[in-house]
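Summary of the model geometry
What follows is the residue order along each chain.
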Amino acid sequence: MNKKILIVEDDSSMQEELKGLLENASYDTLILTDFLHAKEYILKTNPDLVLLDVNIPYLNGELLLKELRKESSVPVIILTSRASEIDEVLSISYGADDFITKPYNPTILLLRIQNVFKRVNQEYPEKIDIPKEDEIGIMIYLNREITRLQQSKNPKIKNYVEKIKYELMGGTEAIHNSEIWKVLSYAQRERFEEKEEN
């Protein structure tokens with residue numbers, strides 16, 4: 001299945017240029033048009049990567065990225081004409097996976113996209129290798145962790161926990177699914193931040 005890349009760019013000629021480049025490289029593309037509800041659209045469409053311009057309507061790209069990182073770890077590459085060090089530092093500190101300035105070199109852009117995907121796949125392989133003899137112990141750990149996370153009053157954490165519980169209904173085979181571990185890490189991070197605020 002082809003990777004899906006969402007283009008968040010308000011310049012129509014740049015949208016089409018990026019769309020053509022990515023589709024020629026065998027990526028599926030989406031173009032965001034409703035900038036007022038940009039975050040909601042990204043979460044709804046669940047792309048594999050976002051190409052994000054800084055100068056977009058309503059909420060600039062850096063602030064959109066900051067808001068997006070509260071709910072998603074989707075890889076984001078900032079692609080912008082703003083070439084100051086401050087913009088690069090802000091983007092990376094808000095959670096960007098890479099920062100590329102316009103005008104960009106198409107070959108280098110494609111290579112940077114490949115590198116981001118390679119890094120993400122190394123961090124979260126599709127299937128996690130767990131020895132058969134350790135499966136019961138891992139299941140006990142996950143169930144204990146779910147019980148602990150359920151004590152939170154944060155609805156976002158409760159949603160994460162429900163997803164883990166649902167996945168685990170499939171039995172021990174489910175613990176080999178990297179999606180469970182990603183969701184668990186999000187929940188644990190939210191709970192840590194919740195404790196820090198209190």
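Where helix 2 (residues 38-45) meets helix 3 (residues 61-68), the axes come as close as 10 Å, and the angle between the chain directions of the two elements is 50 degrees. Taken together, the axes of helix 2 and helix 3 are oblique relative to one another. As helix 2 packs across helix 3, the resulting crossing turns out to be right-handed. When helix 2 is examined against helix 3, the residues Ala 38, Lys 39, Ile 42 and Leu 43 are found in contact with a partner set consisting of Leu 64, Glu 67 and Leu 68. Partitioned by chemical class, the residues of the contact of helix 2 with helix 3 number five nonpolar, no polar and two charged.

Before going further, it helps to examine the pattern of salt bridges. One pass over the full model with this rule turns up nine salt bridges. Among the salt bridges present, the one from Glu 67 reaches Lys 70, with a minimum N-O distance of 3.0 Å. Its salt-bridge partner being Lys 165, residue Glu 162 comes within 3.7 Å of it at the nearest N-O pair. Here Glu 162 and its partner Lys 165 are both found in helix 7 (residues 155-168), three residues apart, which amounts to about one turn of the helix. One network of salt bridges, with partners in common, ties together Glu 9, Asp 53 and Lys 102.

Reading guide: rules and limits
Residues numbered from 1 in each chain as written. Predicted model: local features only at pLDDT ≥ 70, side-chain atom pairs only at ≥ 80, totals over all residues. Heavy atoms only, no water. Axes fitted to C-alpha atoms, helices over the stretch in contact; angles between N-to-C directions. Helix = DSSP H or I, 4+ residues; strand = E, 2+ residues; numbered from the N terminus. Parallel < 35°, antiparallel > 145°, perpendicular 65-115°, else oblique. Left-handed = near helix turned anticlockwise from the far one by under 90°. Contact = heavy atoms within 4.5 Å. Nonpolar A, V, L, I, M, F, W, Y, C, P; charged D, E, K, R; others polar. Salt bridge = Lys/Arg side-chain N within 4 Å of Asp/Glu carboxyl O.

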